Amino acid sequence: MKIILKRLFEVNFMPSKNGALPFLFLAILASCSGPQDTRSADEETRFVDSVLTTLTIEDKVGEMTQLTLGSIAIGEPYNLVEPQHLDSAKLYEALVKYRVGSILNCGNHAHTPEKWHEFIHEIQTVANQRSSHLPVLYGVDAIHGATYTSGAVLGPQQIGLAATWHPDLVRQGAENTAKEVAASGIPWNFSPVLDLGRDPRWPRFWETFGEDPLLASEMGVAMVKGYQEGPSPIGATLKHFMGYGLALSGKDRTPSWIPERQLREYCMPSFQAAIDAGALSVMINSGEINGIPVHANRTILTDILRGEMGFEGVAVTDWEDIKYLYTRHRVADGYKDATRMAIEAGIDMSMVPLDFGFTEALLELVREGTIGEDRIDLSVRRILTMKVRLGLFETGGFPPALDTYPELASLEGAAARAALESITLLKNEGTHAVYHDQPILPIGGTGQIFVTGPTANSLNALNGGWTGTWQGTDTTYNTPGRPTMVQAMKERFGRNRVKHEELAMDFDGSDIAAVVRSIQRNRPECVVLGLGEMPYTEIVGNDGDLSLYANQKDLVRAIHATGTPVVAVFIEGRPRTFSDIEPMMDAVVMAYLPGNYGADAIAQVLDGSFNPSGRLPFTWPRYPSAHVPYDHKYTEQIHTDFSTNAFQPQYTFGYGLSYSAVESSGLSTDAVVYGMNDTISVSVQLHNTGEQSTAEVVQLYSQDSVASITPSVNRLRAFDRVVVGAGETQDVHFSLPIQDLGFIGQDMNYTVEPGAFGLRIGSEVVGIQIKEFNENN
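So, how was this worked out
Residues numbered from 1 in each chain as written. Predicted model: local features only at pLDDT ≥ 70, side-chain atom pairs only at ≥ 80, totals over all residues. Heavy atoms only, no water. Helix = DSSP H or I, 4+ residues; strand = E, 2+ residues; numbered from the N terminus. Rg over C-alpha atoms; globule rule 2.2 N^0.38 Å. Buried < 20%, exposed > 50% of the residue type's maximum accessible area, 1.4 Å probe, protein only. Contact = heavy atoms within 4.5 Å. Areas by Shrake-Rupley, 256 points an atom, 1.4 Å probe, with all protein chains shown as cover. Lys, Arg positive; Asp, Glu negative; His and termini not counted. Charge placed at Lys NZ, Arg CZ, Asp CG, Glu CD. Pairing = 2+ DSSP bridges. Salt bridge = Lys/Arg side-chain N within 4 Å of Asp/Glu carboxyl O. 1 Å grid on protein atoms, 1.4 Å probe; cavity = no way out; pocket = protein on both sides within 12 Å on 5 of 7 lines; lining within 4 Å. Points joined across faces, edges and corners; volume = space filled by probe spheres on them. Nonpolar A, V, L, I, M, F, W, Y, C, P; charged D, E, K, R; others polar. pLDDT = per-residue confidence, 0-100. Core = buried A, V, L, I, M, F, W, Y, C linked by side-chain atoms within 4.5 Å.

A. Examining the overall build of the chain more closely. The secondary structure content of the chain amounts to 22 helices and 28 strands. Rg of the C-alpha trace for the chain: 27 Å, near the compact-globule value of 28 Å for 777 residues, within the 12% margin. Among the 777 residues that make up the chain, the fraction classed as buried is 62%. Relative to all contacts within the chain whose residues are 6 or more apart in sequence, the contacts with residues 24 or more apart total 78%. Total accessible area computed for the chain in this model is approximately 28400 Å², and 50% of it derives from carbon and sulfur atoms. Positive and negative side-chain charges of the chain, numbering 59 and 93 respectively, have mean locations separated by a distance of 3 Å.

Okay, structure coming up:
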């Protein structure tokens, strides 16, 4: 902190006209004292409070205002003049007249590091001209790498990362993202998404870590620590607090009906874990829960987020969401009323982001006494604290030297590895072209491989939304030199061996007929189909039908009719249903949205260079209206014939195959009866039955036999990624505290009830009993 204050005095506050700030900071510096382990926090608090006392109400409200880059650039926000430059008049108005404290976004597309430095340097230079000299806090959506920095390393989207079940790898990827984002001059990242992906109709499903609270929590903590605790720390933002992913209709920003108990049971844990890990900010759910827009819900934003969960950081709105309180939700009668509702609910910063309506409305509310300045101080103190922790008062917010930008070669390994580990083999049958007693994958032999399908030759499909542009569909901003799936296959299998037939997303029957004729002429060993989706996000991705597109199904049928084996590779952000054509596929591979290194990862799995280890982080429904998660209730298993086999997804949560199968056996616990404060020691033996080393994801589930709240059939309680050598046997151990076997009870409190439980790994289940008392005492 002494370094911060010294630099702040020497560099940032010398231009002060009246000299009051430098003398004040010297006084603070001289008075710093106390125990070493508490002094830093004390100094931080005193520093922030001292800055706060120098600010006018205009400064404070400006700190709570966030504008988009497009609003201060030359041109209209959605139609900027290219090449882009900041508009000096707009910039001065925003930063000096309105004292705006935060800027976000990218001006509609990615920029080079040099351009980012130009933007940030100009912004901070003008910010230093205002009387407060406060640095601007810049934020961006860098959700699978530095997505708005040209040429950056782009790994898998979150749904693919979840399929690795490898938190350490996720943390390394986040650290690398932070290196590039920080080197671009940006200190704040709007990531990770900690909403659950329990309904694949939702168009932001692929931005999540899947359907399970524990998996999302582990991955979320890893990502937050990677962003904030690595060698180039940036601020993490937990999105979108909370319940955003459970819209009743499955469409983006539409109403959610979530009882409080379910909100606490499913939606809160991932956020709580990341808050406990020190996340600096949260972004708020754009939708409504039970008829109340979350941006106006004090119970959620203050009572729960602050009071119960202990969050002390910055709560920022999503895009225009205060304005939407009156233009969309219609719970306010104008901008001023909407602003009052949001601030009273607990919002700290408004992502306005195009005008000064929020700023003017909030100033008026304070001046007339509707909102007290002490309430404003509460938010501004949080914002200033975040700026201190991100080092903005040391650097003035100016970007680092360009020659400090990291070498991409040092970052690519983690992204490429994550892509490899995410690829999930879901089916492997059929007949191998050479070894007829073996499955079709990996592809052997020397015969021709025919590749087609709408995602087979698209880098955009591999990367998904928020890549280069908001929707991720503009090929202009693709990373030069990164291959598509078919290009990577040509590199792996040889260009002469791979025959490609191009298909766009809107191909029709005549295109299918041309593909069939080409297959009949070439007589390939197999056909590899790139199926799935083109990029989308948010409302643009709303879709009323979860089925795989009809033309893609027709393509599978036509190729199957030729008698040629079919390998289906799904490149998509959500599981589209295809049960009617699944029997026509000899192999099924889920690639998710694996990023710029995903094409080679797919090719390595197909040729056997890599033994697939990905496991589904969601339940793949068999039918469009059957999206039931793995942790469903017993009543959801009742079939129309009154049997209990109604839950029949295409593929279950946690499922995935490898080329060398690992079997588990000998599941046991160290006791049968446990007390409430005990810890269960769980053991299981793994045996690799094949000839390749395999990374197996061992998943431990609990089954509560009787509970005061209807229990789930299964709940994930622990997992571990274990490498088992070819032909080897390995013991795996879990320590599971009894207190992890609880749930949110009728009184809305977490509880663990005594009784009978089952613990499951694979198909084995072992029973235990929990007693009210501790048997050992």
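On we go from here.
B. Quick peek at the sheet that holds strand β12 (residues 350–351). With parallel pairing, the 5 strands of this open sheet are ordered in space as β6-β5-β4-β1-β12. For this open sheet the edge positions go to β6 (188–189) and β12, each flanked by a neighbour on one side alone. Bridge count for strand β1 (residues 65–68) against β12 is 2 bridges, and the pairing is parallel. What sits directly across from T65, in β12, is S350.

C. Region of interest: the pairing of strand β22 (residues 694–704). Taken across its 11 residues, β22 has 11 buried, putting it largely inside the fold. Residues T694, E696, V698, L700, S702 and D704 point to one face of β22 and A695, V697, Q699, Y701 and Q703 to the other, with burial holding for every one of them. Note that β22 and strand β27 (residues 755–761) share 4 bridges and pair antiparallel. Considered in β27, the bridge of Q703 is made with G758.

D. Representation of the pattern of salt bridges. Applying the stated criterion across every chain, the model contains 43 salt bridges. For R99, the salt bridge identified is with D59, shortest N-O distance 2.7 Å. With R99 in the loop between α5 (88–97) and β4 (102–104) and D59 in helix α4 (residues 57–63), this pair connects stretches of sequence that are 40 residues apart. In this structure, the salt-bridge partner of D377 is K60, at a minimum N-O distance of 2.7 Å. Of the two residues, D377 sits in helix α15 (residues 373–389) while K60 sits in helix α4, which places them 317 residues apart along the sequence. For D377, a relative accessible area of 18% translates into the label buried. Residue classification places K60 among the buried residues on the basis of a relative accessible area of 5%.

E. Just the layout of surface pockets, in detail. Taken as a whole, the largest pocket spans an internal volume of roughly 700 Å³. As for the largest pocket, its lining consists of 29 residues, of which G654, E696, Q699, R760 and G762 are closest to the centre. Of all elements in the fold, only β19 (662–669), β22 and β27 reach the threshold of two or more residues within the lining of the largest pocket. When residues in the lining of the largest pocket are grouped by element, the largest group, 5 residues, is from β22. Split by residue class, the lining of the largest pocket holds 13 nonpolar, 11 polar and 5 charged.

F. Representation of the environment of F205. Counting through the fold element by element, F205 comes out in the loop between β6 and α9 (213–229). Note: C-alpha distance between F205 and G250 (45 residues apart in sequence) is 9.8 Å. With near-sequence residues (within four places) excluded, F205 lies in contact with I159, G197, R198, D199, P200, G573, R574, P575 and F618.

G. Geometry of the confidence of the model for the chain. Confidence in the prediction of the chain, expressed as mean pLDDT, is 93, and 94% of residues score 70 or more. Confidence over residues 1–39 falls short of pLDDT 50; this stretch has 60 contacts with residues more than four positions distant or in other chains.

H. Spatial organisation of the nonpolar core. Core analysis: the biggest nonpolar cluster contains 169 residues, and I123, F241, F570 and M585 have the highest contact counts within it. Considering every element that reaches this core, the biggest residue donor is α9, with 8 residues. Beyond its immediate stretch of four places on either side in the chain, I123 contacts L69, I72, L86, L91, L95, I103, V136 and Y138. By size, the runner-up hydrophobic cluster in this structure holds 39 residues, among which are M485, F493, V528 and V589.

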